[in-house]
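Observations on the three-dimensional arrangement
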Amino acid sequence: MAMISKSLKKQAWSDFIDAVLWIAHKRPVMRFLIKNAEKRLWKSIVEDEPDSIRPAQELKFYFVRNLLRTTENHLRKGIMDTSVFRKMVKVFVRNVFVEDITQREILMEERDDAVSPCFIVLSPTHKCNLLCPGCYAGSEESRKTSLPYWVANRIIKEKVCLWHSRFTVISGGEPFLWNSEGKDLLDLVKENDDNFFMVYTNGTLINERIAEKMAELGNITPAISVEGFEESTDKRRGKGTFKKVLDTFRRLREVGVPFGISVQATKDNWDEVSSDEFLKFYFDEQGAFYGWLFQYMPIGRSYTLQDMVTPEERLEMFRRNVIAIRRGYNYIDFWNQGVMTDGCLAAGRNGGYMYIDWAGNVMPCVFIPYYKDNIIEIYKRGGTLNDVLYSDYFRKIREWQDEYAYRRPPSQKDNLILPCPIRDHHDVIYSILNESPRISPCDNFARECLHDRDYHLNLIEYDERLRQVIDPVWESEYKRAA
Ligand code: SF4
C-alpha cells in the first residue's frame, strides 16, 4: 500500500515538473506557480509537521523557497540559461529530489537495517595549482595521487544502483586538474548525466571552453572558493586570485551556468564573511546561486586551534546566518545549521554521505581524516561500497548520531546547533577512533593530530565552552518549540 501511495505521489510530482518545464519560458506564469508552490511547501514542511521542532522546519522551508525564488530571479536576469534550467529540473529536482528520495523510502521500508546515503563526496585528485595555508586536504602542485577514471566512474554508477543516489559532490585538490585514462572531470559528468554534480573548485581554471561545456552539459554547478573580499581572498589563495575568480563568475553568468561560493570562516575573517556587504556583493551583484560557509576546522596543512572562531563568534555567526536565510540568501553555515539536516550527515547516514579521496580511502566525512577501507582494494576483492557503509567503524558513528539526535523524538534531541562528533564533541570521535581496530590517518597531518595530546585536550575544552554559550539558545529557542 505504501508503495502504491508513494508511486502516486511520485507521478503527481512528475506531472508538476512537466508542467513547469512546459511553461518555463512564460515568466509571469512561472511567478504565479512559484507563489502557489511556496504556500503548499509551507503547509507540507511546517504546518503538517506538528511533531517537530518548528524553527528548524521553518529554516528548511526557507531553504527550498530560496531555491525557487533565486531560480526565477536568475532566469529573469538572464544569468541562468533556459536549457540549463530544464536539465537542472530534470536531473536535480526529478532524479535527486523526487525519484531518489521515494525509492530510498521504499528501500528502507523493505529492509529494517537498510541505510541510504543521499550522496558521495569524491576527490579525484590531490593535485592543486594553489598552495593555501590551512588547506584541509594539504593539496599542492607536486601531489601526484589521483583516482583512476574507471574507479571514479564505477563509484558513481554503483551508488545509483545500491542507494538510489544521483547527487555527487566533487572536491579536491583542484578537480579541473584531474586527468586519467585520457579523460577528465567533464567526461565523467557527461558519462553520468543522470547525476547532478556540485564541484568545489578554486575557480581559476574555468576558462571560456570549460564554462561553455558546463552549460552544454547542464548537470553541473561549481562552488568557488573565496575568503571574503579581495584582500582576504588574495592573502590566503595568492595575489590575483580574487580577480581571476571574478572573471570566472562573469564567464559563468554569460553562459548561464548557476554557481555558488565556498567560504572558510576563521577568527580573522568571520565578521567579513557573515556581513551584509558580503552577501550583497556575492549574491546580489555577482549572482551566486548558493553559498557554503565552513568554519575553520583544525585539520590539514599547518593546523592550529588559534584560527578557529570562538564560541561567542560562532553564536553570532549562527544568528546572522538565520537572518540571511530568512531574507532569501541560500548561504548555509555548515556546522551551525545542523538544525536543517537533523544533525551530522557523516558515515552514510540516511540522507547523508561518505567521502572518498584520491587514493580510494573512504572516510565518514571530509573533516574526519581517518579511514578503515580503501575502495580500490574492496573492488579488487569483489566487494562494493556497501562493505564500507555497513562496516563497524561507520556503524559506530551512526549509532552516536541516532542517540544524540537523529532517532530521538523532537523534545529529546540534543543540541543540533552543535552536531559534529569531531569538532563539537571531539571526545566522541576520539573514543571511536581509539576503539576501532585498523583505522589509519589519510596523511601525515592527520597522523600528527591523532597523537597530539594537547590538540585533543584543547578541542575538548573548546567544546565545553561551546556548550556553555550555545546550549541555552538551543534549550530556550529550539527544544522548547518541539
Ligand atoms: S562529522 Fe561534522 S562536519 Fe562531518 S557531516 Fe558530521 S557534523 Fe558535519
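Residues numbered from 1 in each chain as written. Predicted model: local features only at pLDDT ≥ 70, side-chain atom pairs only at ≥ 80, totals over all residues.

We now examine the environment of Asn336. Within the fold, Asn336 resides in the loop between strand E9 (331–333) and strand E10 (353–356). For the pair formed by Asn336 and Gly173, sequence separation is 163 residues and the distance between their alpha carbons is 25 Å. Setting aside residues no more than four positions away along its own chain, Asn336 makes contact with Arg314, Met317, Phe318, Asn321 and Ile417. (Helix = DSSP H or I, 4+ residues; strand = E, 2+ residues; numbered from the N terminus. Contact = placed C-beta atoms within 7 Å.)

On to the environment of Cys135. Positionally, Cys135 belongs in the loop between strand E1 (119–122) and helix H5 (149–163). Residue classification places Cys135 among the buried residues on the basis of 21 C-beta atoms within 10 Å. C-alpha of Cys135 to C-alpha of Arg236: the two residues are 101 residues apart in sequence and 9.8 Å apart in space. The contact partners of Cys135, leaving out residues within four places of it in the chain, are Gly300 and Arg301. (Buried ≥ 20, exposed ≤ 12 C-beta atoms within 10 Å, placed from the backbone.)

Within the open sheet, the 10 strands sit side by side as E9-E8-E7-E6-E5-E2-E1-E10-E11-E13. Their pairing is mixed. The sheet terminates laterally at E9 and strand E13 (373–374), the two strands that pair on one side only. Here 5 bridges tie strand E5 (residues 196–201) to strand E6 (residues 220–226), and the two strands are oriented parallel to one another. By the bridge assignment for E6, Thr201 is matched with Ile224. (Pairing = 2+ DSSP bridges.)

Each assigned domain of the chain is listed with its residue range as follows: domain 1 (2–110) and domain 2 (117–482). Averaged C-alpha coordinates put domain 1 and domain 2 at centres separated by 24 Å. Between domain 1 and domain 2, the contact holds 31 residues from the first and 31 residues from the second. Going through the elements one at a time, helix H3 (54–77) and helix H4 (82–110) are the ones with two or more residues in the side of domain 1 that touches domain 2. Its residues assigned to classes, the side of domain 1 that touches domain 2 comprises 16 nonpolar, 7 polar and 8 charged. (Domains from an automatic or database assignment. Nonpolar A, V, L, I, M, F, W, Y, C, P; charged D, E, K, R; others polar.)

The next thing to look at is the pairing of E1. Here E1 pairs with strand E2 (residues 167–170) via 4 bridges, running parallel. The partner of Leu122 across the bridge, within E2, is Ile170. Relative to E10, E1 runs parallel, the two sharing 4 bridges. Bridge pairing in E10 places Ile120 opposite Met354.

Let us look at the environment of Ile220. Positionally, Ile220 belongs in strand E6. Filtering out sequence-adjacent residues up to four positions away, Ile220 remains in contact with Val189, Phe197, Val199 and Met214.

Look at the link from Gly172 to Gly173: it is a cis peptide, with omega at 5°. Locating Gly173 in the fold gives a position in the loop between E2 and strand E3 (179–180). Phi angles above zero are rare outside glycine, and Asp342 is one such case at about 60°. Mapped onto the elements, Asp342 comes out in the loop between E9 and E10. In this model, Ala347 sits at a positive phi of 60°, which is unusual for a non-glycine residue. With respect to the helices and strands, Ala347 occurs in the loop between E9 and E10. When the 29 C-beta atoms within 10 Å are taken as the criterion, Ala347 is described as buried.

The subject of this paragraph is the packing of H3 against helix H12 (residues 311–327). Following both chains from N to C, one finds H3 and H12 inclined at 45°, their axes separated by 8 Å at the closest point. By the angle class used here, H3 and H12 are oblique. With respect to the hand of their crossing, H3 and H12 are arranged in left-handed fashion. Residues Leu59, Tyr62, Phe63 and Asn66 of H3 touch H12, and the partners they reach there are Val322, Ile325 and Arg326. Partitioned by chemical class, the residues of the contact of H3 with H12 number 5 nonpolar, 1 polar and 1 charged. (Axes fitted to C-alpha atoms, helices over the stretch in contact; angles between N-to-C directions. Parallel < 35°, antiparallel > 145°, perpendicular 65-115°, else oblique. Left-handed = near helix turned anticlockwise from the far one by under 90°.)

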